[in-house]
Structure formats: structure tokens, C-alpha cells
There are 2 protein chains.
Amino acid sequence: MTYQPPVRDYAFLLRDVLELERYANLPAFADASMDTVDQILEEAGRFTAEVLAPLNSVGDKEGCHWHPDNSVTTPKGFKEAYRQLVDGGWPGLGSDPAYGGQGLPHVVNLAFSEMSSAANMAFSMYPGLTHGAYSAIKVGGSQAQKDLYLPKLASFQWGGTMNLTEPHCGTDLGLLRTKAVPQADGTYKISGQKIWISGGEQDLTENIVHLVLARIEGAPMGTRGISLFIVPKFIPDKDGNPGERNAVKCLGLEEKMGIHGNATCVIAHEEATGWLIGEENRGLSIMFVMMNEARLGVGMQGIAQAEAAYQAAAEFAKDRLQGRSLTGPKNPDGPADPIIVHPDVRRMLMDAKAIVEGGRAFLFWTALHGDLAEASPDEAVRQKGHDYMALMTPVLKGFLTDRGFNVCSDAMQVHGGSGFTEHFPVSQYLRDCRIALIYEGTNGIQALDLVGRKLAAEGGRGVMGFFAELDAFIEAQEADEGMKPFTEGLARGKAELQEATLWLMQNGLANPDNAGAASTDYMHLFGLVALAYMWALMAKTALAKIAGGATDPIYQEKLTVGRYYIARVLPETAGRLAKLKTGAEALMALPVESF
Amino acid sequence: MTYQPPVRDYAFLLRDVLELERYANLPAFADASMDTVDQILEEAGRFTAEVLAPLNSVGDKEGCHWHPDNSVTTPKGFKEAYRQLVDGGWPGLGSDPAYGGQGLPHVVNLAFSEMSSAANMAFSMYPGLTHGAYSAIKVGGSQAQKDLYLPKLASFQWGGTMNLTEPHCGTDLGLLRTKAVPQADGTYKISGQKIWISGGEQDLTENIVHLVLARIEGAPMGTRGISLFIVPKFIPDKDGNPGERNAVKCLGLEEKMGIHGNATCVIAHEEATGWLIGEENRGLSIMFVMMNEARLGVGMQGIAQAEAAYQAAAEFAKDRLQGRSLTGPKNPDGPADPIIVHPDVRRMLMDAKAIVEGGRAFLFWTALHGDLAEASPDEAVRQKGHDYMALMTPVLKGFLTDRGFNVCSDAMQVHGGSGFTEHFPVSQYLRDCRIALIYEGTNGIQALDLVGRKLAAEGGRGVMGFFAELDAFIEAQEADEGMKPFTEGLARGKAELQEATLWLMQNGLANPDNAGAASTDYMHLFGLVALAYMWALMAKTALAKIAGGATDPIYQEKLTVGRYYIARVLPETAGRLAKLKTGAEALMALPVESF
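Please read all numbers here as calculations on a predicted model, not as lab measurements.

(A) Examining the overall build of chain A more closely. When its secondary structure is counted, chain A shows 20 helices and eleven strands. In terms of overall dimensions, chain A is globule-like: its C-alpha atoms have a radius of gyration of 24 Å, near the 25 Å expected for 595 residues. Considering chain A as a whole, with its 595 residues, one finds that 65% of them fall into the buried category. Accessible surface computed for chain A: about 20500 Å², of which carbon and sulfur atoms make up 53%. Mean positive and mean negative side-chain charge positions of chain A (52 and 71 charges, respectively) differ by 2 Å.

(B) Molecular detail of the domain arrangement of chain A. Examined at the domain level, chain A breaks down into domain 1 (53-88 + 120-281) and domain 2 (442-589). For domain 1 of chain A versus domain 2 of chain A, the distance between C-alpha centres works out to 38 Å.

(C) Main features of the pairing of strand β9 (residues 242-245) of chain B. Residues and elements named next belong to chain B. Where strand β8 (residues 234-236) and β9 come together, two bridges link them in antiparallel fashion. In the strand pairing of β9, F234 is matched with R245. Connecting β8 to the next strand, β9, in antiparallel fashion are five residues, including G240 with a positive phi near 80 degrees.

(D) Focus on the relation of the copies chain B and chain A. The operation relating chain B to chain A is a screw motion whose rotation component is 180 degrees, with 0.0 Å of axial translation and a residual RMSD of 0.0 Å. Such values leave the two copies arranged in the relation of a two-fold axis. The rotation axis passes nearest to the C-alpha of G575 of chain B in chain B, at a distance of 3.1 Å. Same-surface contact between copies: 100% of interface residues of chain B are shared with the interface of chain A.

(E) Region of interest: the packing of aromatic side chains. What the rule picks out here adds up to 39 aromatic pairs over all chains. Ring geometry for Y10 of chain B against F364 of chain B: centres 5.7 Å apart, planes inclined by 10 degrees, an arrangement best described as stacked. Highlighted residues: Y10 of chain B in helix α1 (residues 7-17) and F364 of chain B in helix α10 (residues 343-375), separated in sequence by 354 residues. Each of the two residues, Y10 of chain B as well as F364 of chain B, counts as buried. Taking 5.4 Å as the distance between ring centres and 75 degrees as the angle between the ring planes, the aromatic pair formed by F78 of chain B and F123 of chain B counts as edge-to-face. Here F123 of chain B lies in helix α7 (residues 121-140) and F78 of chain B lies in helix α5 (residues 78-87), a separation of 45 residues in the sequence. Residue F123 of chain B is classed as buried on the basis of its relative accessible area of 1%. An aromatic cluster of three or more residues is present, and its members are F362, W365, Y388, F466, F473, Y522, F526 and Y533 of chain A. The ring of F234 of chain A has R245 of chain A lying over it, and the distance from NZ or CZ to the ring centre is 5.5 Å.

(F) Molecular detail of the nonpolar core. Ranked by internal contacts, the top residues of the largest apolar core, which has 345 residues, are Y522 of chain A together with Y522 of chain B. In contact with Y522 of chain B, not counting residues within four places along its chain, are L450, V451, L455, V463, L497, A500, T501, L504 and L580 of chain B.

(G) Summary view of the interface of chain B and chain A. Between chain B and chain A, the residue contacts involve 86 residues of the former and 86 residues of the latter. Both sides together, the interface formed by chain B and chain A hides about 7600 Å², and carbon and sulfur atoms give 62% of it. Three residues stand out in chain B for area buried against chain A, namely F420, R568 and F595 of chain B, and they jointly supply 12% of the buried area on that side. On inspection of chain B and its partner chain A, the count reaches two salt bridges. Note that D521 of chain B and R568 of chain A form a salt bridge whose closest N and O atoms lie 3.3 Å from each other. Where chain B meets chain A, there are 45 residue pairs in polar contact (both at pLDDT 80 or more). Among the residues forming the side of chain B that touches chain A, the class breakdown is 40 nonpolar, 27 polar and 19 charged.

(H) Region of interest: the side chain of K579 of chain B. Of note, K579 of chain B is situated in helix α19 (residues 572-580). Despite its burial, K579 of chain B pairs with no opposite charge, the nearest such side chain being D521 of chain B at 4.3 Å. With residues up to four places along the chain from it excluded, the contact list for K579 of chain B reads A567, R568 and P571 of chain A together with D521 of chain B.

(I) Focus on the packing of α7 of chain B against helix α9 (residues 283-319) of chain B. Residue and element names in this part refer to chain B. Orientation of α7 relative to α9, taken along the N-to-C sense of each, is 155 degrees, at an axis distance of 8 Å. Here α7 lies roughly antiparallel to α9, going by the angle between them. In the crossing of α7 with α9, the sense of the turn from one axis to the other is right-handed. In this structure, α7 contributes M121, M125, L129, H131, G132, A133, S135, A136, V139 and G140 to the contact, and α9 contributes I286, V289, M290, E293, Q301 and Q305. Classifying every residue of the contact of α7 with α9 gives nine nonpolar, six polar and one charged.

(J) Just the state of the cysteines, in detail. By the definition in use, this model includes zero disulfides over all chains. The thiol sulfur of C433 of chain A is not disulfide-bonded, and the nearest other cysteine sulfur, from C408 of chain A, lies at 4.0 Å.

(K) Just helix α11 (residues 379-415) of chain A, in detail. Residue and element names in this part refer to chain A. Look at α11: 51 Å from first C-alpha to last across 37 residues, which is about the 54 Å you get at 1.5 Å a residue. At M392, α11 shows its largest kink, close to 35 degrees, and the proline P394 lies no more than four residues downstream. Extensive coverage of α11 is indicated by the burial of 26 of its 37 residues. N-cap assignment for α11: the residue whose side-chain oxygen lies 2.9 Å from the backbone N of A380 is D378. Looking one or two places after α11, you find G416, whose phi comes out positive at around 60 degrees.

(L) Spatial organisation of a nonpolar patch on the surface. Residues and elements named next belong to chain A. Judged by side-chain polarity, M464, L502 and M505 come together as a nonpolar surface patch covering roughly 270 Å² of accessible area. Tracing the chain through its elements places M505 in helix α16 (residues 484-508). Under the relative-accessibility criterion, M505 is labelled partly exposed at 41%.

(M) Quick look at the pattern of salt bridges. All names here are of chain B. Applying the stated rule across the entire model yields 64 salt bridges over all chains. Ionic pairing is found between R15 and D38, a salt bridge with its closest N-O pair at 2.3 Å. Here the residue R15 occupies a position in helix α1, and D38 occupies one in helix α3 (residues 34-52), the gap between them amounting to 23 residues. When its relative accessible area of 22% is taken as the criterion, D38 is described as partly exposed. Linking E166 and K194 is a salt bridge whose minimum nitrogen-to-oxygen distance equals 3.0 Å.

(N) Main features of the environment of G103 of chain A. Here G103 of chain A lies in the loop between α5 (78-87) and α6 (106-119). Beyond its immediate chain neighbours, meaning those up to four positions away, G103 of chain A contacts A28, G92, L93, G94, S95 and P97 of chain A.

(O) How the structure looks around unusual backbone geometry. Even without glycine at this site, E19 of chain A takes up a positive phi of about 45 degrees. Tracing the chain through its elements places E19 of chain A in the loop between α1 (7-17) and α2 (27-30). For E19 of chain A, a relative accessible area of 38% puts it in the partly exposed group. For I259 of chain B, which is not a glycine, the phi torsion comes out positive at approximately 35 degrees. Structurally, the position occupied by I259 of chain B is in the loop between β10 (248-253) and β11 (264-277).

(P) Structural view of the environment of W275 of chain B. Residue and element names in this part refer to chain B. Residue placement: W275 occurs in strand β11. In this structure the C-alpha to C-alpha distance between W275 and A180, which are 95 residues apart in sequence, comes to 9.8 Å. When near neighbours in sequence (up to four residues on either side) are disregarded, W275 contacts Q145, T187, L228, F229, I230, P232 and I235.

(Q) How the structure looks around the environment of A32 of chain B. All names here are of chain B. Note that A32 resides in the loop between α2 (27-30) and α3. The spacing of A32 and A550 is 518 residues in sequence and 24 Å in space, taken between C-alpha atoms. Ignoring anything within four residues of it in the chain, the contact list for A32 reads V37, L104 and P105.

Criteria and thresholds
Residues numbered from 1 in each chain as written. Chains lettered and ligands numbered in written order. Predicted model: local features only at pLDDT ≥ 70, side-chain atom pairs only at ≥ 80, totals over all residues. Heavy atoms only, no water. Helix = DSSP H or I, 4+ residues; strand = E, 2+ residues; numbered from the N terminus. Rg over C-alpha atoms; globule rule 2.2 N^0.38 Å. Buried < 20%, exposed > 50% of the residue type's maximum accessible area, 1.4 Å probe, protein only. Areas by Shrake-Rupley, 256 points an atom, 1.4 Å probe, with all protein chains shown as cover. Lys, Arg positive; Asp, Glu negative; His and termini not counted. Charge placed at Lys NZ, Arg CZ, Asp CG, Glu CD. Domains from an automatic or database assignment. Pairing = 2+ DSSP bridges. Least-squares fit on C-alpha atoms with pLDDT ≥ 70 in both. Contact = heavy atoms within 4.5 Å. Phe/Tyr/Trp six-rings, centres within 6.5 Å; stacked < 30°, edge-to-face > 60°. Lys NZ or Arg CZ within 6 Å of the ring centre and 35° of its normal. Core = buried A, V, L, I, M, F, W, Y, C linked by side-chain atoms within 4.5 Å. Buried area = accessible area lost by both parts, 1.4 Å probe. Salt bridge = Lys/Arg side-chain N within 4 Å of Asp/Glu carboxyl O. Polar contact = N/O pair within 3.5 Å; in protein donor to acceptor, adjacent residues only side chain to side chain. Nonpolar A, V, L, I, M, F, W, Y, C, P; charged D, E, K, R; others polar. Axes fitted to C-alpha atoms, helices over the stretch in contact; angles between N-to-C directions. Parallel < 35°, antiparallel > 145°, perpendicular 65-115°, else oblique. Left-handed = near helix turned anticlockwise from the far one by under 90°. Disulfide = S-S within 2.5 Å. Expected span 1.5 Å × (residues − 1). Bend = angle between axes of the 7 residues up to and from the residue. Patch = residues over 30% accessible without salt bridge, like charges linked within 9 Å, V, L, I, M, F, W, Y side chains within 5 Å.

Below, the structure written as C-alpha cells:
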């Protein structure tokens, strides 16, 4: 069995839990009736399962090829699949109709992205980064730049990249050295070496649009002197078609632990011609727009790989006969029972379901807030949307990729020795997934962004709003016996999160290292409580459906998995709180030379 | 910098904490004065760092080669290194002098094994399994078998393997089908296919001794009908030299996520000639002797890879300049501070030290009990040694490999994007380490062994003895202010472990699924408390040394890392206890078809 897109779960979330149809009066949602969405996602499921998934292992085993003429070929089959992607009209799902997109809500596009990523993460990074480049130009570009580039990027006809990292600077972009020299014609000559450029060179698109961070000659040092440039591989001619070859080339590919099918390039800009996007020295702020979108997408990748790995593990656990149930044979006519009868195997599968389905709900719930931040006519709703997008993004990225990786590792464990061989898909899921903890800002950077910036933003309005929402929800369920296990767990977790938040406020200012020392535990505590809320929301929906006579087993399943989450995942919060409250002292006590 | 053997830490453990010289009156220890041991380990450190470590990445990149004549060649350089290993006299460290060994305590040999494994896990598995075969024949073989095989295995002149797994049976050996047909001359014809045979074919030794589990024709089904056979690749001639080629061959190699330098073979026995070891149908009990030794060795591998990965991460964190300390520049003349100034980077490095050094102490402490179980003249000491070896082995295997893998993953995280590339060693440590969670019984099987067998063994004598030891230790430190942070943490953890143990006794019998459902959380709870005890023992030693005027910084370092362990690692116990006490109900509630 290959990957099966979880379209039933998407329908549950979009239709039942988030009730997308409530927003039918809003622009992006008008064309997104649930029947249309169901149809689109069914179709997308077929495309990703039938076209992209079979190429996943091909890409892993073959990898990309660099040639001495600086060209790169992607694994066998990728080019044809990419053409099918473009021809099928998939690129434009979430893009602006003004540039050829379909303008659907981001939350719908997210489901498509998850399926693509689960089916073939390395492949789906090519269009993923292209969409990021689209967003950056849309936010920061001039009208002429938008007219020239957005239709090509929205249709995936051209590829897009982000050129940030240099050998000596990754997280700390203030150190970057790539320079931009202004020319008389208003363009710039860009020179410098960039590394880890995903899709920096490939044979899928007729042109590649590099978005490059560089320092204009004479600009201030540090992050306040960084500008953003468009450096196309082929300079568009008068008709907007690929023209003269630009002086940007791929010097080689990285050997990596995973995502072999994606070309990770060393890119040399050798007085390449570039066009400034937005204002001088304001490049980072535009790049951060792109990066925030990308961070939510990376959190999604963690869940996507976890879903695929879970599916492989569940199938294996139902097929593999080994040992007998501790409570008596469950397959008495067979030589042994399927290993899914063993509680410890069940534990790994239940953990996976609890994280994947809860994490997906958290992603979708946040993405919907992002849609409302743009589309709602109600300013309070827009503000809450912006607040939540800002607050939740680092949690989605850091918490969900940490947990997604654990799910992949557990899925390997369910496979036993088979999982360690490359005959089964789970090693690739584990290896591919691992990069998600690192790129677009390591998870440690996400945790620091959360405690150092997002908590305090607008005087703490985001997090206070979230606590108020949880309190209101818990109070509203008070009379509902069926909701008790959920609201009790949620209330306990919320109290711990609030205590941790208060601790941070009191101790982070006195010694900033206290905030740094607490950051990762706080991020996990936050994620655990957010998922408890998601499970409570899903439980409420499921209980209402069952009370209304719905017989689809998914509703009972959600209640069962949700109760498991509260009983066996959430209790981790106590240890997280205890650890983070010990502060920086024990953590920083060892002298550097003792490491 | 390549791997640096932690010989200073070995000396601290063996000399100061375990006080090996106390046992100088015992046979194995008589030749193991601490000066001798220091010298041996210094020398071993040089050998592993200079000969084995440089081949680690070679083995990973090149892998092993299978040839159509069923031969296998190991990666370039392995053969020469193996010769140096044999010529250097390293094989016999822990083997019986009667068979050419040096007869040192196992705890000393363990240090050598850790260094070999950290330097090159794939390589060191060849001699590792050879030593396992040595142990099985030593325990179960006839005198003639011992005389013929043990000198060759003790010297590593011949290789050894374990032939257990078949395509349809891994954990559940009762299903195995390989058959043995008795011959008139007292030998057996062995037929069947075995998979995942580490070192099943190689070019390092002139002969390979396969220890093969098979079912004698007519033997009962299940585990009570399994016998153990010696199947040599070349049948020894009258002089004990490799003679006629036996009908056992390698059909191919597995592609794996890691340990590429070790040949993982499909082995076909085609009426191969085999010799029974021990009694008919009693093969598993001998194999379990070998397996128990191997399980402690696998726990060691988890710590070894973690040590190597930690070293790489610490070096990277001290070199890589990126960002500024939250409390002001620490490297004001440089472009940025080394990333070790950041609390969240420090957290990962401190976690690593706390687990690696605490885990190593736990391994050594248990191994010493194993030595005393054999060598002590005092029956109570021997009994305690046996009890602890039995009780601790699954914890060492399961807990230390789970934690070792996390350390490797954190070490990758410290590296950021560099860690995901194969230019840095940490991807290999992570990939190689992953198998340790699976082989020699998955960690889930270890947890089940712990709760289902080891806790109840001898009426719970082992675990009750351990609790009594902890109580006595805590009480004895009562007046010692410096020990307070350690004994308070330990007492809290011990109370939780005891509560969990009681819960298991009360609930595991009523419903065995409760025991299964609790097993992994219980194993981690046990491991966390055992490491708290180790850190308390190390702290007591360090405080005494400092009080006695010792100025070596290691003593203060141990106190600092120990306090970190108690403050920031141990608090996980509360969540583990809460989770396991929820029992099997929530865990088993979802119908199989819903997965």
C-alpha cells in the first residue's frame, strides 16, 4: 500500500470542526463551498497518490545530478510529474486570481500541500519554494515586478528560490557578505556565494527566480543593511520570456541525510544582474513575510511525514504476525497474532494518531485565522487572526516538527528490523523529516522567537487572547458531561501554561538567559496545550454529530483518540513546567572549556 | 577533530566511583591494578582514535560489496584495521586466559568496547558478535567444542555470528522453520534462510562460525523445539584449521539506513553441516546468554554514538560564530559569539553530558555487578550481582539507546543545516545509532521483559534490593548538606518508581495489557531514577575528592552536570508515572480497523 491521502479527515476538519461554510460571504471563501472543496481535495488526493508518491523512493535512491556545465537534473520521472502538476492547474489553488490563481482560502491549499508533501516531500519543495517567492514579490515588489513575475510563479511555470544562507552565516543573517553594486540603469550587480539553496538549479522549469539577500555597497553592517533582490536565471526579455543567461550558477550539490530528490545547491552570484525588491536595507522584513509562510509550511511537513510514516506502520502492524496477545490469541487460526494486539505497539500508533490528527487540526485552525486576518470585514476578527498567526507560527514549526520526527521514529520502531532497511519506506520518512527541525530557522530559534518576541508582542495581546478563549470554551462546556475529560485536561494544561508564562514574564526580564533556558520546554508546553484544545474542539464536534444521529465511525474515533491524548500525551506538561522553572542557573553553570 | 576517547572519565568511574582496587583479591581483578587499567585504556584510546575512527566515514560512504560468487568485501581499510586489532592483542581483553584471553574484568573490557563502538560502530560489530559467539560456546558447548573454537574466537582469528531471524520471524522465535536433520555421524544437516545476519559474510577472518537456531526434525512447535548449532563456514580439519567449504552462503546484503560498513547478510543454509551445542530443544536458553551479553553491549552502543555525537556538537558549538549572547557579547572582538553562549544550545549539550556520563556510569556499575556475580567469594554479593544484571539489562538496552538516539538528534540540531549534510559526522552517528533501538530485541521487547519477567523474578528480589539500596544510600547522606540536591531528587524519583512498581503489581495481574501499556513509560521511569542514583554516587565521590583537596576540574564538573540532571532531566518522571497509571483502557479502545 502506498500513501493514502487523509481526505476524510480534511472534510471532518473543514466542514465539521472549522465550519468553513460560515464564511461563504467572504471573498476567498465564496468559491469554496464544501462540495467544491471536497471535490478538489479528492482529485488532489488522486494526483498526489498516483503521480507523486510513486516517485518518492525513486528520488531518494537516485538523488539529483550536477553536471560540469553547472546544470542539474532531477531524478527520473520528476520532470514529467512536474509537468502534470502544472498542467493540472494545481499551482494556483491559493494564489490571487489577478495573477492566474484560483484564490481559494489558504486553509484549503494547506490540505493540498500536506498531501503533496506526504507523498513526496523532496518533490513538493520545488513548488513550495516557488510559492514562497510568489508571496515575497506579492508583498514587496513593484507593480511592474508583480506583473512580470507573479503569473509565471503562480502557475509554477518558473521556479522560485530563497538565497539567504552563506557559509559563515545562517541563523545570524546580520553577518552576510553578498554584495550588491548599484548600476546606472537602476539594476544591481550581485556577487557572493550562497549555500543550501533548495531548488537553486533544476530541470523542471524554463526559468528560476532567485530571491537574494545582499548588502548594497556602503550599507550599514548587521541586519539593518540587508536588501532583497530578484535575480532571474534568465533575464526576462521584452515579452517577459526567458532571455539572456544571468551570471548565477550552481557550483555543486550537497550530500544530505534525506530529501535527496531536492537539489540543495551551492549558488555563485558573479556580478549577476539583480533588481531591488522594495526599499534599500529593508530586505529582511519582506523575507520574513515569505519565511513566516514557509514556517507554517514546515510545521505541515512534520505532520505530513508523520502521517505517511504512521500509515506505513499501521499497515505493517496489522499484517505482521508475531507473538500472541497477552490477553489470549486474537488470531487463533494463524501462526501468531498481528503485532497491533500488543499494547506497546498500540501505544506508538496511538501517539502517532494523537499527534498527527491533533497537529493537523492546529495547522488548519491557525491557517483559517490567517485567512480571516485577510478576508474578514470585522476588524476584531482580523486582529485576532494576525495575533494568532504571529503567536502560533513558531509553535507550529517547532513543536510539530519535533513531534513529527518522533512519530517517524516510532513508526520505524513498529517495523522492527524491517524499518531500518531501505526496502520499507519508513527510513526515508525519518530521514526526510529530520530537515524540518532545522530549516527556516531551527526549532531552537522558533522557541526563542516565541518567548522573546511573540509572547510580548502588542503587550501580550495574542497570548492573553488565547487564554481568554480557552477559559471561555471551558466555561461554556461546564454542563456537558461528555466533555469533562477534555475540559478537565485542558484546564489543567492551561493553568500550567499560564504559570509558565507568568514565570517567564517575571524572570525573563531580570535575566534574559532565563527566557532562553525555558524556551524549548515552553514551546512544547504551549504545543501540548494547543493540541489539547484542538482535541477538545474536535470532541465537541464529534459529540454533537453523534447526538444528532451521525453514524460515521470517524466521530467515535475522534473521541477515542482525543481521550487517549488527554490521558497519555498531555501529562508531559508537568515535567516541562518543572524543568523550565529551574531557570538558567543549572543550565549555564558549566564553564565553556568543560564541554 | 575526530573522536577523543573519554579515558579521563573511565578513570574517574573505575578508580574513584567504583573503586576497582577494592576487588584486587578477586581472580579477574588481580591483574587489573588501576595503573595497568589506565595504561591499557590509554593505549586502547589511541588505537580506536587513530585506526578505527578514520575509517568510520569511509565505511559509511562505501558500504560492503556482495559478489556473485557469494563473497563479501568490507570497505577499504577494514581488513588492515582488523589485522591491527588482532595483532594488537585487543580481542582477548575480557576472555578467559584458558583460551588465550587476558581475563580482565568485563567492566574494563566494556570501556574498550565503548571506544571501539564510538570510533566505528559498523566495524566494531564484527568483533562484537564474535565475542558473543565465544560466550555462547563457552556457556553451552562441549569441552571439545570449546577447545576447538574458543581460542580462534577469543583471538578474533575467526569471526562469529548469530543466526536467529528468518523472514517471517524475528521477535517471535517460536515460529522459526530452519530445520536440522540428524546424521549418522552425529552431525546435522541444516537447511533454511536466515536474514539480517551481521557479519554473516566478510573478508576479515579466515573462517566464520555461525551459531544457528534451528528445529530438529520432529521437535515440538514453538520455542520449546529450538536447538542451537555451530555451522562453520569452513569445517575445521583435524588440526583445527579451516578445511572443507560448508554449504552456507550469503545471498545478498541489506540496504540499510546506517551501519553501512557492517555486512548485513541474507544467509542460506543448504544442508549445511552443523554441530549441536548443548541439549536438543534447549537452544534458546544458550542463545539468551549470548543475547543478554549483547543487550548490555547494545546499551553501550547507544551511549558510544551519543558520546561521539556530543563531541562533534560541542566542538561545533564552540567554533561556530552566530548571533550574540542574550546577556551581552561574549566574544566582543569577533563578528559574533560562539553559539555555545545560547542557553538553548547549552541545553542540548548539557542533556547530552547528563545522559552520556550518567548512562556510562550505569553501564559500568552494572557490569561490575556482573563481574562480582562471577568472581565474588561472597554468595550474597554473587546473588545481588546476578539479580542486578538480570534486572538492569533491559533498562540499559532500552533506556540508554532511546536516550542515545535523542542525544544524536540533538547533536545534529546543534549543527543546524551543517548537521543534515554528510560533510559532518553527526548524520552518520544518528543513522548508525538508530539500529540500536531495534536489534537484540526492540526496546518495546526490553520494556516487556522488564515488567513481565524481571520485576517478578525471584519474588521481586532484584527490584526490592535496589529500592533498599537507594533507601540506605539516601539515609546515609542525611547529614551531608552538599548531597541534599541529589538525595532529594533521588528520593522523589524513587518514590515515583516505587509507586509505579506497586501499580504494576496491582494492575498487571488483573489485566496483562495494563503491564504492556505501562511498560515503556516504566522502563524510562526506571532508567531516569537509576541515572539519578548514578549522579548521586558520582556527586558523593566528587565531594569527597574536593574535600580531600583534589583540584582536578573533573570533580567540580561532575557536581555541576549532576545538579543539572536532577533539575532538568529527572522531572520527566512525574509525567511518566501519570501516563502509565492510566492503564490499558484508553490505549486499547480504538478498534483495529480504525488504524
